[in-house]
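Structural overview for review
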Amino acid sequence: MSTRSNFDNNLKQLNELLLNMASQTEKAIKEAMLALINQDMEQAKAVIDGDNEIDDMEHEIHDKALLLIARESPVATDLRKINVALKVSSEVERMADMAVNIAKSAIHIGREKHITEIVDIHKMMEIALEMVTESITAFYSEDISLAQRCAKRDDQVDKMFGSLIQELLSFIPHNPNSTNQIIQLAFVCRFIERIADHSTNIAENVVYLVTGERINLND
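What comes next concerns the included structure. (Residues numbered from 1 in each chain as written. Predicted model: local features only at pLDDT ≥ 70, side-chain atom pairs only at ≥ 80, totals over all residues. Heavy atoms only, no water.)

Counted by the stated rule, this structure contains five salt bridges. One salt bridge connects Glu-91 with Arg-94, and the closest N-O pair in it is separated by 3.7 Å. Here the residue Glu-91 and the residue Arg-94 both occupy positions in helix α4 (residues 76–109), the gap between them amounting to three residues, near one helical turn. On the basis of relative accessible area, Glu-91 is assigned to the buried category, the value being 9%. Take Arg-94: its relative accessible area is 39%, and that puts it in the partly exposed class. Beyond isolated ion pairs, a larger network of salt bridges with shared partners links Glu-130, Glu-134 and Arg-153. (Salt bridge = Lys/Arg side-chain N within 4 Å of Asp/Glu carboxyl O. Helix = DSSP H or I, 4+ residues; strand = E, 2+ residues; numbered from the N terminus. Buried < 20%, exposed > 50% of the residue type's maximum accessible area, 1.4 Å probe, protein only.)

Turning to the state of the cysteines, a few remarks are in order. Applying the stated rule across the entire model yields zero disulfides. Between Cys-150, a free cysteine, and Cys-189, which holds the nearest cysteine sulfur, the sulfur-to-sulfur gap is 19 Å. On the accessibility criterion, Cys-150 (0% relative accessible area) is buried. (Disulfide = S-S within 2.5 Å.)

Attention shifts here to the side chain of Gln-181. With respect to the helices and strands, Gln-181 occurs in helix α7 (residues 179–211). A polar atom in the side chain of Gln-181 sits 3.2 Å from the side chain of Glu-112. (Polar contact = N/O pair within 3.5 Å; in protein donor to acceptor, adjacent residues only side chain to side chain.)

Relative to the 50 Å expected for 34 residues at 1.5 Å per residue, α4 spans 50 Å between its end C-alpha atoms, a close match to the ideal helical length. Two residues or fewer after α4 comes Gly-110, characterised by a positive phi angle close to 65°. (Expected span 1.5 Å × (residues − 1).)

This paragraph deals with the nonpolar core. Across soluble globular proteins, you tend to see nonpolar side chains buried next to one another. The biggest cluster of nonpolar side chains holds 72 residues, and the ones touching the most others in it are Ile-121 and Ile-192. Every element with two or more residues in this core is listed here: α1 (3–38), α2 (41–49), α3 (51–72), α4, α5 (119–141), α6 (144–171) and α7. For this core, the element with the most residues is α7, which contributes 15 residues. (Core = buried A, V, L, I, M, F, W, Y, C linked by side-chain atoms within 4.5 Å.)

On to α7. When the terminal C-alpha atoms of α7 are compared, their 48 Å separation across 33 residues agrees well with the 48 Å that a helix rising 1.5 Å per residue should span. Counting buried residues in α7 gives 24 out of 33 residues, a clear majority hidden from the surface.

Our next topic: the packing of α5 against α7. Their axes nearest at 9 Å, the elements α5 and α7 cross at an angle of 20°. For the element pair α5 / α7, the angle class is roughly parallel. Crossing angle aside, the handedness with which α5 passes α7 is left-handed. (Axes fitted to C-alpha atoms, helices over the stretch in contact; angles between N-to-C directions. Parallel < 35°, antiparallel > 145°, perpendicular 65-115°, else oblique. Left-handed = near helix turned anticlockwise from the far one by under 90°.)

The next thing to look at is the packing of α5 against α6. The interhelical angle for the contact between α5 and α6, taken along N-to-C directions, is 160°, at an axis separation of 9 Å. Taken together, the axis directions place α5 and α6 in an arrangement best described as roughly antiparallel. The hand of the α5/α6 crossing is left-handed. For the pair formed by α5 and α6, the contact residues are Asp-120, Ile-121, Lys-123, Met-124, Ile-127, Ala-128, Glu-130, Met-131, Glu-134, Ser-135, Thr-137 and Ala-138 on the first element and Leu-146, Ala-147, Arg-149, Cys-150, Arg-153, Asp-154, Gln-156, Val-157, Met-160, Phe-161, Leu-164 and Glu-167 on the second. Here the residues of the contact of α5 with α6 are counted per class, giving 13 nonpolar, three polar and eight charged. (Contact = heavy atoms within 4.5 Å. Nonpolar A, V, L, I, M, F, W, Y, C, P; charged D, E, K, R; others polar.)

This paragraph deals with the environment of Met-57. Inspection of the secondary structure puts Met-57 in helix α3. Along the chain, Met-57 and Leu-17 lie 40 residues apart, while their C-alpha atoms are 7.4 Å from each other.

Moving on, we come to the side chain of Asp-51. Position of Asp-51 among the secondary structure elements: in helix α3. Put simply, Asp-51 is tucked away with no salt bridge, and the nearest opposite charge, on Lys-104, sits 7.8 Å away. Residues contacting Asp-51, with those up to four places away along its chain left out, are Ala-96, Asp-97 and Val-100. (Lys, Arg positive; Asp, Glu negative; His and termini not counted.)

Before going further, it helps to examine the packing of aromatic side chains. Scanning all chains against the criterion turns up two aromatic pairs. Ring geometry for Phe-139 versus Tyr-140: centroids 4.9 Å apart, planes at 75°, classification edge-to-face. For the cation-ring pair, Arg-80 lies above Tyr-208, with the distance from its terminal atom to the ring centre recorded as 5.8 Å. (Phe/Tyr/Trp six-rings, centres within 6.5 Å; stacked < 30°, edge-to-face > 60°. Lys NZ or Arg CZ within 6 Å of the ring centre and 35° of its normal.)

Another aspect to go through is a negative patch on the surface. Judged by side-chain charge, Glu-53, Asp-56, Glu-60 and Asp-63 come together as a negatively charged surface patch. Among the structural elements, Asp-63 can be located in helix α3. A relative accessible area of 51% means that Asp-63 is categorised as exposed. (Patch = residues over 30% accessible without salt bridge, like charges linked within 9 Å, V, L, I, M, F, W, Y side chains within 5 Å. Areas by Shrake-Rupley, 256 points an atom, 1.4 Å probe, with all protein chains shown as cover. Charge placed at Lys NZ, Arg CZ, Asp CG, Glu CD.)

Note that all results are geometric; they support no functional claim without further evidence.
Here's what the structure looks like:
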């Protein structure tokens with residue numbers, strides 16, 4: 001096998017591992033949200049327990065990337081591809097941490113009756129999850145247009161976050177006994193907002209991957 005073919009094959013394996021990691025993370029986010037909505041403590045615990053596997057995958061990606069750099073001595077565009085893969089894996093790992101945090105909030109709330117419908121929080125999560133899918137797809141297809149479309153959704157999530165926080169905090173004076181639940185739901189909104197931010201960061205890395213330019217897609 002030629003040096004070029006060997007490098008391409010190893011980079012493909014690296015990206016496939018990253019795709020698997022992203023898929024596992026997206027699944028964890030969905031399951032954490034379902035655990036919150038359904039007040040399913042076992043499902044929440046399963047999300048927390050499964051985080052070690054995602055962490056291990058990130059470590060494997062970093063090890064493979066460093067080995068690829070050491071063995072192949074990539075230059076220019078090839079080195080940029082490895083660098084972006086490392087950055088994307090870090091963003092995905094942080095998303096997985098947000099899934100764990102949502103699961104922990106679900107456990108903190110427990111089976112106490114929800115003070116409000118989780119519908120709007122769920123809608124916010126659906127948009128964030130669409131951003132996750134779009135950012136990862138943009139990375140694998142090196143699609144700048146899709147990356148830009150993903151980043152534009154971040155403003156919508158930010159607006160929903162602000163509105164939901166105001167609404168939740170307005171409940172406290174009239175429901176002092178539910179303060180813990182209200183605070184936990186506010187945390188969940190923050191975790192979802194962070195998932196959207198990490199997706200935007202991936203989108204920005206896609207632009208860098210393709211063009212070599214670092215830009216802020218939120219400007």
